[in-house]
Structures are given as C-alpha cells and as structure tokens.
Amino acid sequence: MGLSEKDHILIEKHLAGQLTETEQRQFLQRKEDAEFSSELQFQQDLKIASRSQERDELRRLMRETDAYSRPSTRSFASNKYRRILAWSAAAILLLISVFVFLLPVLPGSESGFYSVYYEPYPNTVSPLTKGGEGLPDGFQLYELGRYEEAIRALSDLPVTTTNQFYLGLSYLGDDQMIPAIAAMQGITDRQSEYFIPAQWYLALAHLKEGELDTATRLLEGINQTDHALSAKAAELLEDLQ
Amino acid sequence: MLRWSCQNEVLFKTIFTKLIKCVNIFKGSLNKPLKETIALEEKDMVAWVREDRNRAITEIYRQYRDEFVQFSQKYGVVEEDRLDAFQEGVIAFYEYCYSGRYDQSRSSPKTMVFNMAKYALINMKKKQGKLVSVPDTHLTTREKEGVVDLLNENLTHQQHLIKRGLSHLGEQCQAIIRLFYFCEYSIEAIVRELGYQNENVVRSHKSRCLKKLREHLKMKNSGTK
C-alpha cells in the first residue's frame, strides 16, 4: 500500500526527537503497522550506518595525515637496529650516487622520479578488516593490489568522484597511464577531498609519460594550496629543476 | 670517455637529497615544520568541527599525535596500539564536540583528547584481556560513555550492508543522508545548507536516495551482485 507523507514525517520527527504528545501517540499506533515498522527500522539502521561511515571517514583523514607526515616518535634514534639500517641505507645511496655521477646519460629519468614519488593511496572507502564479510569490492581489490579486477569492478559503479578516483588509482597500479590520466582528469570538483590527490597522481602519470611541462604545471597548482601534498609537490618541483 | 649531462646532475642531486634525509632520520630531526600551526587552544572547537571538519580533525590529530604516542610510552603498550587508541580518542572528542556538549572552559582540547585517548587505551586493552596501568582519566560518565560507545560499535549485517550501500550513492545523496542522519539537521536546515528551493524538494530527493539504497539492499540480500 505504501506509507503516506504523514508517516514519513512522523518517522522524520521521531528520529529528530521532535514529536509532540499527539504525534507521539500517533507514532506508537502506526508502529503496529508492519510496513511502517519496517521503514522505521531501516531508517534507524541507516542512522547507525551513517555514524559508522562518518567515523571511517575520520579514520581515513588521520591515516592520510600519517601517510604524508610520519610520526616522529618512531624513535629511530633510540632503536639500534633502525640506526644501523639508516646508516646502511645512507652508505648504499652514497655508492649509487657515485655510480650515477660516473655513468653516461640515463634514459627516462622522469619515470625514475615517478618510481621515487609514487605511493599507493590508501583504501579509505571500504578498508579491508579482519573477518570482513563477503567478496572484496572494487576498493578492496585495489587495496589488495588486484588492479585488473579492481578496474573491472570499479568500472561497473556509477560515475562519482570517489569511484573515478579509485579507478584512476587502479589504472596507475596496473601501469596503464593513459586511462589513469583520463580517469583523474574527470575529477573536476574542487571541493572534493580527492581533487588535490587526483592532481598529484595526474602529475605523476604525466611524468611517467615524459610530459614534463604538464606535470610541472599540475605540481605548481598543488604547491599553491594548503593541502598536505603541497610540501611533496614543492619537493618534486625542486628535483625536476 | 665518460659523458656528463644535466640529467645525471638532476639524478645525482635527487639521490644526494635522499642521502641527507637518511642522516636526518638518524639524528631524529626528520620532520620539517609545517607552513602554519593553528593555536588549537584558542579555537572554538564546537563551531570548528561543525564548519570545517576535515581541517579540524587533521590539525587536532597532527598537533597532538606525536606527543600522545611519546607520553603514553610509559604504559607499556606497543606504539601501534597507542596510535590506534589516540585515533579513537580523537573521534570520541569530535563526536563530543559535534553534539555541543563539550565545555571548553572546563577542559582544554588537548586535555580532553588525551583523556579520551587514555580511556580508549584502557578499554581496548581490557577487551584483549589485558590490564593497563593508567591513572584516572577524569572524564565524566557521559564522556566515558562516548568512548565506550565508539569502541563497542558492532554493526548488524543489515547495518553493514547499508553502510556499504552508502558508498554506491551519488554525492548529493550522500550529502543529504549525512546531514540528516549524522549531523541531525532538520529538513529546513538542509534546504539552507545545500541551497535547495524548499523543504518538499529536499524530502523528495531524500526519498529517492533512500529508495536507491533499499534497491541496493534488496539486491545484496537476494544474493545477486
């Protein structure tokens, strides 16, 4: 039969805690109706799911902050093993730098920068958890590094900023620069939290393709923002000069 | 004969820069100062988390994270767990601010975040059957309940499906649902926030969004894709 507009408003006001006394009585009466009760349960579940999603989004923000600025209390200085590792890495890099200094021109240094600066963006939409339910979705396939499958799954989803962003990331992971560039270019909403990260990965993809001017222009754009990536963009711009 | 080029120089410079960073890791001076540090103690937290959630959370987390992780070393818990507890503490603080219950005159943001993170640590370890010796957090019952509610979040199968279904909705639907169900905005407030014509338009759009969500759930529950 379907619920009336009055029913929907009753549920709306109940969830907001704004029922008058009369409405409260009407609400309790309508609760005995199976369809009304089912809709009420659905919206109560939605409220809980919405809060859970908000919490996941906050965790994503914090993980992103960790990704762009590692905690300085990973106390390498106080950890003997890490100190040895750091010195060994320094020695190896010194040897490599001497080697490079003596070598002739190395082709494709732009793709070298890509390799140095590329890091997979974390799956913040539906991260894998222990004992997670069901088959992995497109975002989880991306997180697992199963890029071909992720591309197929994400291509089936509606075209939204989030889905396009992760589709672009999956193409990048699969080393398909041209479709990655196309996907990332589709992200034009400047208010979206993925806009700047998309610009970053777009710059890296252009760099991989040897399109230095385009990459530089994109990096300069990121550098002018307050985003956490602006420091990295500045660093890469300096390296490219 | 060896050849030299500008590209060699660039690559050499890159590697040399990385070399300096390795030395800095050893010196423990890896972190560069950020462009501008916001004085959190002077911010109106309740207003800030509502108006600029992403910036607020990022700043609170960034400014207090390292200090909490270092401060909580004495509790004898591995760093990863301390960091997890801190993240949960930040979320609990955010929800407390968002509800409008946080009284900044009673307790500074840092004190509140630290206390909630400590309480989260105690409860996380309790769940694992381990006791952590942490002094009293000085949280009120309501504040503690907020932390416990967060840690005990246990979605039913249906709620889980709804949550996954939310990510399949368009951005406008997600915005309306977030404002109504999480932020607890009235329909009238949503009209103003999202720039709709009137309340009927919002209700109509919300109704369509819920219909899409229900259809998605039906597909999932029937075992199809």
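Described in the following lines is the structure provided in the data block. Everything numeric here is computed off the predicted structure, so don't read it as measured data.

### Quick notes on the pattern of salt bridges
Step number 1: Scanning the entire structure with this criterion turns up 31 salt bridges over all chains.
Step number 2: The shortest N-O distance in the salt bridge between Asp81(B) and Lys125(B) comes to 2.6 Å. With Asp81(B) in helix α4 (residues 79-98) and Lys125(B) in helix α5 (residues 109-127), the pair connects residues that are 44 residues apart, well separated along the chain. Neither Asp81(B) nor Lys125(B) differs from the other in exposure class; each is buried.
Step number 3: Salt bridges sharing common partners tie together Glu54(A), Glu57(A), Arg60(A), Glu64(A), Glu193(A), Arg53(B) and Arg178(B).

### Digging into the packing of aromatic side chains
For any pair of aromatic rings, geometry is given as the distance between the ring centres together with the angle between the planes.
Step number 1: Evaluation of the coordinates by the stated rule reveals 28 aromatic pairs over all chains.
Step number 2: Each ring, one from Phe27(A) and one from Phe36(A), has its centre 5.7 Å from the other, and the planes form 70°; the classification is edge-to-face. Both residues of the pair, Phe27(A) and Phe36(A), belong to the buried class.
Step number 3: A cation over a ring is seen here: Arg50(B) above Tyr98(B), with NZ or CZ 5.6 Å from the ring centre.
Step number 4: Its guanidinium or amino end placed over the ring of Phe114(B), Lys110(B) lies 5.7 Å from that ring's centre, counting from NZ or CZ.

### A closer look at the packing of helix α9 (residues 177-185) of chain A against helix α10 (residues 195-208) of chain A
Residue and element names in this part refer to chain A.
Step number 1: Two elements in contact, α9 and α10, have axes whose closest approach is 9 Å; the angle formed by their N-to-C orientations is 155°. Overall, the two elements α9 and α10 adopt an arrangement that is roughly antiparallel. Seen along the crossing, α9 lies across α10 with a hand that is left-handed. Contact residues: α9 offers Met177, Ile181, Met184 and Gln185, while α10 offers Ala198, Tyr201, Leu202, Ala205, His206 and Lys208.
Step number 2: Of the residues belonging to the contact of α9 with α10, the class tally is seven nonpolar, two polar and one charged.

### Observations concerning the state of the cysteines
All names here are of chain B.
Step number 1: In this structure the tally under the stated criterion is one disulfide over all chains.
Step number 2: Each disulfide pairs two cysteine sulfurs, and for cysteine 173 the partner residue is cysteine 209, the sulfurs being separated by 2.0 Å. The disulfide joining cysteine 173 to cysteine 209 has a torsion of about -85° about its S-S bond and is therefore left-handed. Of this pair, cysteine 173 sits in helix α8 (residues 171-182) while cysteine 209 sits in helix α10 (residues 199-221), and the two are 36 residues apart along the sequence.
Step number 3: On the basis of relative accessibility, which here comes to 4%, the residue cysteine 173 falls in the buried class.

### With respect to the environment of Arg59(A)
Step number 1: Mapped onto the secondary structure, Arg59(A) falls in helix α3 (residues 34-68).
Step number 2: Those residues in contact with Arg59(A) that sit more than four places away from it in its chain are Glu88(B), Ile91(B) and Leu150(B).

### Concerning α4(B)
Residue and element names in this part refer to chain B.
Step number 1: Across its 20 residues, α4 extends 28 Å between first and last C-alpha, which sits within 8% of the 28 Å expected from 1.5 Å per residue.
Step number 2: The buried fraction of α4 is high, at 18 of 20 residues.
Step number 3: One or two steps after α4, the chain reaches glycine 100, where phi turns positive at roughly 85°.

### Thoughts on the packing of helix α8 (residues 161-173) of chain A against α10(A)
All names here are of chain A.
Step number 1: It is the contact of α8 with α10, at a shortest axis distance of 11 Å, that shows an interaxial angle of 25°. If you check the angle between α8 and α10, you find them roughly parallel. As for the relative orientation of α8 and α10, their crossing is left-handed in sense. Between α8 and α10, the residues in contact are Phe165, Leu169 and Leu172 and Pro197, Ala198, Tyr201 and Ala205, respectively.
Step number 2: Residue composition of the contact of α8 with α10, by class: seven nonpolar, no polar and no charged.

Analysis parameters
- Residues numbered from 1 in each chain as written.
- Chains lettered and ligands numbered in written order.
- Predicted model: local features only at pLDDT ≥ 70, side-chain atom pairs only at ≥ 80, totals over all residues.
- Heavy atoms only, no water.
- Salt bridge = Lys/Arg side-chain N within 4 Å of Asp/Glu carboxyl O.
- Helix = DSSP H or I, 4+ residues; strand = E, 2+ residues; numbered from the N terminus.
- Buried < 20%, exposed > 50% of the residue type's maximum accessible area, 1.4 Å probe, protein only.
- Phe/Tyr/Trp six-rings, centres within 6.5 Å; stacked < 30°, edge-to-face > 60°.
- Lys NZ or Arg CZ within 6 Å of the ring centre and 35° of its normal.
- Axes fitted to C-alpha atoms, helices over the stretch in contact; angles between N-to-C directions.
- Parallel < 35°, antiparallel > 145°, perpendicular 65-115°, else oblique.
- Left-handed = near helix turned anticlockwise from the far one by under 90°.
- Contact = heavy atoms within 4.5 Å.
- Nonpolar A, V, L, I, M, F, W, Y, C, P; charged D, E, K, R; others polar.
- Disulfide = S-S within 2.5 Å.
- Expected span 1.5 Å × (residues − 1).

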